[in-house]
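Secondary and tertiary structure notes
Chain by chain, the residues run as shown.
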Amino acid sequence: MTQLEIEGVTKRFGEMEVLRSVSLRARSGEFVSLLGPSGCGKSTLLRIVAGLEQPDAGSIRLGGRELRGVAASERDVAMVFQSFALYPQMTARENIALPLRVRRLTRLQRFAGRLGLSPAARRIGAEIDRQVEALARTLEIGPLLGRRPGSLSGGQRQRVALGRALIRQSSLLLMDEPLSNLDARLRLQTRDEIAQIQRQFGVTTLFVTHDQAEAMAVSDRIAVMLKGEIAQFGTPQEIYRTPSSLAVAEFVGATRLNRFEAVAWPDGALALGGLPLGLAAPALAGQRVTLAWRPEGLSLAASGLPVTVRRLEDHGADAFLHAEYEGRPVAARLRSGHGLAVGDTAWLRPAPEALMLFDAAGMSHPCRPLAAYVHA
Amino acid sequence: MIRLRSAFLRHSLLILAALLMLLPVAWALLVSTRAQDAILGAQLLTLPSWSAIAANYTRATSATPLFGFIGNGALVCTLILFFQVLIMVPCGYALAKLRFPGRDALWGAVLLGLMVPAPVLATPLFVMVATAGLMDTVAALVVPWVVSSLGIFLMRQFFRRVPDELIEAARLDGLGEIDLLVRVLLPLARPTLGAFAIISLVAHWNDLYWPSIVVTSAERATPPFGVMLFQTQEAGTEYGALMAGSLIIAMPLMAAFLLLQRRFVEGLVAMK
Amino acid sequence: MPETRDQRRMGLLLASPAALLMLLLQVLPLLLVLGTAFTDWQLGGDPPAFVGLENFRALLADPDFRASVLVTARYILMVVPGALGLGLGLALLLQGCGRGRMIYQTIFFLPYIATLAAMSIAWQMLLHPSFGMANQVLAALGLGGVNWLRDEATALPVLALIGVWHETGFAMVFFLAALTSVPAELHDAARLDGMGGGWDRFWLVTGPHIASIGLFVLVVLTAHAVMVFDTVALLTQGGPGNATRVLLYVIYQEGFSFFRSNVAATATVFFLAFTLTLGVLQLRLGRTRGAA
């Protein structure tokens, strides 16, 4: 069931078009990441969904309800901010309770409740307290509820901010780089916890990040945003294995992509440096193409691409080879115990099934095994 | 539409406030451009006459040594600032980066000094100046203020933010302590020093209290004390001239402010 | 510098000029003023004799001194709230004001920089009983003029008005800095938490943020106001009667016109007690502000 529907959203800041007709659909309970480099418009899109910015064109529907003209405070949307944005003068408990107090109590009741004047306010207040306590137990911040943000660590503030966003049980949770203010180790831990909590609560989530490893780890689906457009929307595996364009392939993945320029043969057969790959792309016959492999797509062999070893990284379980092929860098992931030394010549064989093929415009193309060679 | 109206309201209020703020200066300008009989006859909203302007401003500069006041002010402020910087930079560095006996006591004295306002010290300092026979000298105007608690405080806070690695690297490069201070740290401290310079200049240029205690002659008068002298002497009833003189005296600092206003504001805020 | 001996020597060398001068120009005068307050010494008079608390008793019993404390307090109570309120108001107006903000800010801050002694003369012209603008406006309205600086009822309020004029820009600059440092994300968070109205958000986000700076500005303004001198010396000389004889002007007259050093010293000790309290508050507030 579609929960969030973003349709043709466009946004300009002056002359700059930061979002170009962006469309996206998220299913109920789905964890969707907006992944892209800084300045790609992902945060702007998030703020438009939240109602903090107005789009120039396009529409946003949440659970079938059109959000155009609905103020941020009236949308059923919660958000975790990059800086956590906790109210410094309030305790963790008051921070988490605020969204409920604002919605369930009138302004007069809030005031009277504080003075202990209104029995109704006291009853609702006690109920809110119970909910806060329960949520705090889930988030394991129960003992911190009486403290102010100033005396909490980064990770603890993060949880309080998450609590404030979850307490309303809104139908959409937005997160704007919520891990970027944490140190490296805490980031890994928190990232897993966020994924776990999101599944536990089942809340549809839109998560903005520039860190592809983060997006891969937590998301059901990833929307890769480049230059104000969604370049690809798919599962982490799809994004990694079959990127829709060279730009996506280069942005996703922890290491450099190995790229080789080539020309497809007149019959569409593909070869690299005279090495036939046993693949063909008839649609690209005779055209310039780019062949690309991730480092795990290249392996040591008795023959293949001759490369000169420049540097070796041993990671324990596996090893990384940085080499040079025809003056250009090539990286391959090898098993440990490869026996190579710097300066050696080695032969790398590209795995045909791991090939990513792009046309001259950088768009992905399919290729199929070349029957003739297979049988030869 | 609502937005437009609220912007209109906002600017109306701001313009009104600006006019009120400028009113004394505007009125002073008006008075300084009118002849005495026009002023006394309350005919200020007539056209100014060049002759009255010339008469007032010439009279202002001839009745009192106006430019002498400004020169004194510049001399006194420069000397004070020079010695303040000379003393506060090494002291702030020592307090921030070196361990030596008496450091905590000295730091305590600096904090105490921050809280003791100048007028409190003025009462006993006057006795000291008088006993030393220094009344009505440049020394009496300068010496009491050459050590600034605020300056030492600021330099110490600044040097504490300089990473030890930077200092250690410079020492490894063979720089002595004084070289290090002058060649490496002082250039870094320029913004702090600039802000302090502005505070010091504004405070001492505008100070009336201390000069009115130790200065007795027009030759040593600083600008504010000069205004007081002007007002109390014969020419003080020639309002056009008095006003012209006051404006001339207020001019240097106002001009400096208008030129460097962002730094003035930032400096003063940073310091408090 | 690993060799602590060197470090010690260098530290002493660099800090000693400041230490010696502070001893001479700050510590010694403070001791001197505290000492004088317990003697009958007068500049140029007989050698001092210890009189215990006699000076304090006499000063507290002196109706003129008590009046001057009251006058100072009234001045503070007029200037501080005035400058604080106007400063905050102007800062709030300037805060969302795109165009011309820098020009306004410059104009509002100008009175704080302008030499107050010279500006006092400008105010004197503005308030002059015969040709001053204030009375000309009153005359145009068909009302009688007021001799603003020579009337016991108006002299102190007029000085306070000049004080407000002088200090408002100073207060404004601090509020403006505080307002611009309110994190934008806090406002966003408040909107998503259901605080749709600007007024609600002001109390939730902006108010607490500027409250601490407000307290700080309050203390600093009080410290400025208690030291009022220039306008009194130039415009009223403490008069009419004793209507504007503020504390610092009393000290000035006793110490430097009448040369009653012991009385001046005793009054100075009172003055010091008050300003030290403010100073401690200021340092405290400044420090917590820095930590936040």
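Residues numbered from 1 in each chain as written. Chains lettered and ligands numbered in written order. Predicted model: local features only at pLDDT ≥ 70, side-chain atom pairs only at ≥ 80, totals over all residues. Heavy atoms only, no water.

A word on the interface of chain C and chain B. Across the boundary between the two partners, chain C contributes 88 residues, which contact 86 residues of chain B. Interface area, chain C with chain B, both sides summed: about 7,900 Å², of which 80% is carbon and sulfur. The largest contributions to the chain C side of the interface with chain B come from C:Leu14, C:Ile113 and C:Phe256, which together make up 9% of the buried area. At the boundary of chain C and chain B, one finds zero salt bridges. In this structure, the connection of chain C to chain B is made through 11 residue pairs in polar contact (both at pLDDT 80 or more). Ranked by the residues each element gives to the side of chain C that touches chain B, the list is headed by helix H1 (residues 4-36) of chain C, at 19 residues. Its residues assigned to classes, the side of chain C that touches chain B comprises 65 nonpolar, 18 polar and five charged. (Contact = heavy atoms within 4.5 Å. Buried area = accessible area lost by both parts, 1.4 Å probe. Salt bridge = Lys/Arg side-chain N within 4 Å of Asp/Glu carboxyl O. Polar contact = N/O pair within 3.5 Å; in protein donor to acceptor, adjacent residues only side chain to side chain. Helix = DSSP H or I, 4+ residues; strand = E, 2+ residues; numbered from the N terminus. Nonpolar A, V, L, I, M, F, W, Y, C, P; charged D, E, K, R; others polar.)

Here we come to the domain arrangement of chain A. Residue and element names in this part refer to chain A. When the domains of chain A are assigned, the result is domain 1 (2-244) and domain 2 (255-375). One C-alpha centre belongs to domain 1, the other to domain 2, and the line joining them spans 42 Å. Contact with domain 1, which involves five residues of that partner, is made by six residues of domain 2. Both faces combined, the contact of domain 1 with domain 2 buries some 440 Å², and carbon together with sulfur accounts for 46% of it. When the buried surface of domain 1 facing domain 2 is broken down by residue, Tyr240, Pro243 and Ser244 rank first, second and third, together holding 88% of it. Summed over the shared surface of domain 1 and domain 2, the number is zero salt bridges. Remark: the boundary between domain 1 and domain 2 carries three residue pairs in polar contact (both at pLDDT 80 or more). Here the side of domain 1 that touches domain 2 is built from residues that sort into three nonpolar, one polar and one charged. (Domains from an automatic or database assignment.)

Residue and element names in this part refer to chain C. Taken together, the side chains of Leu20, Leu23, Val27, Leu31 and Leu34 define a hydrophobic patch exposed on the protein surface, amounting to about 450 Å² of accessible area. Mapped onto the secondary structure, Leu31 falls in helix H1. Classification of Leu31 by relative accessible area gives exposed; the value is 54%. (Patch = residues over 30% accessible without salt bridge, like charges linked within 9 Å, V, L, I, M, F, W, Y side chains within 5 Å. Areas by Shrake-Rupley, 256 points an atom, 1.4 Å probe, with all protein chains shown as cover. Buried < 20%, exposed > 50% of the residue type's maximum accessible area, 1.4 Å probe, protein only.)

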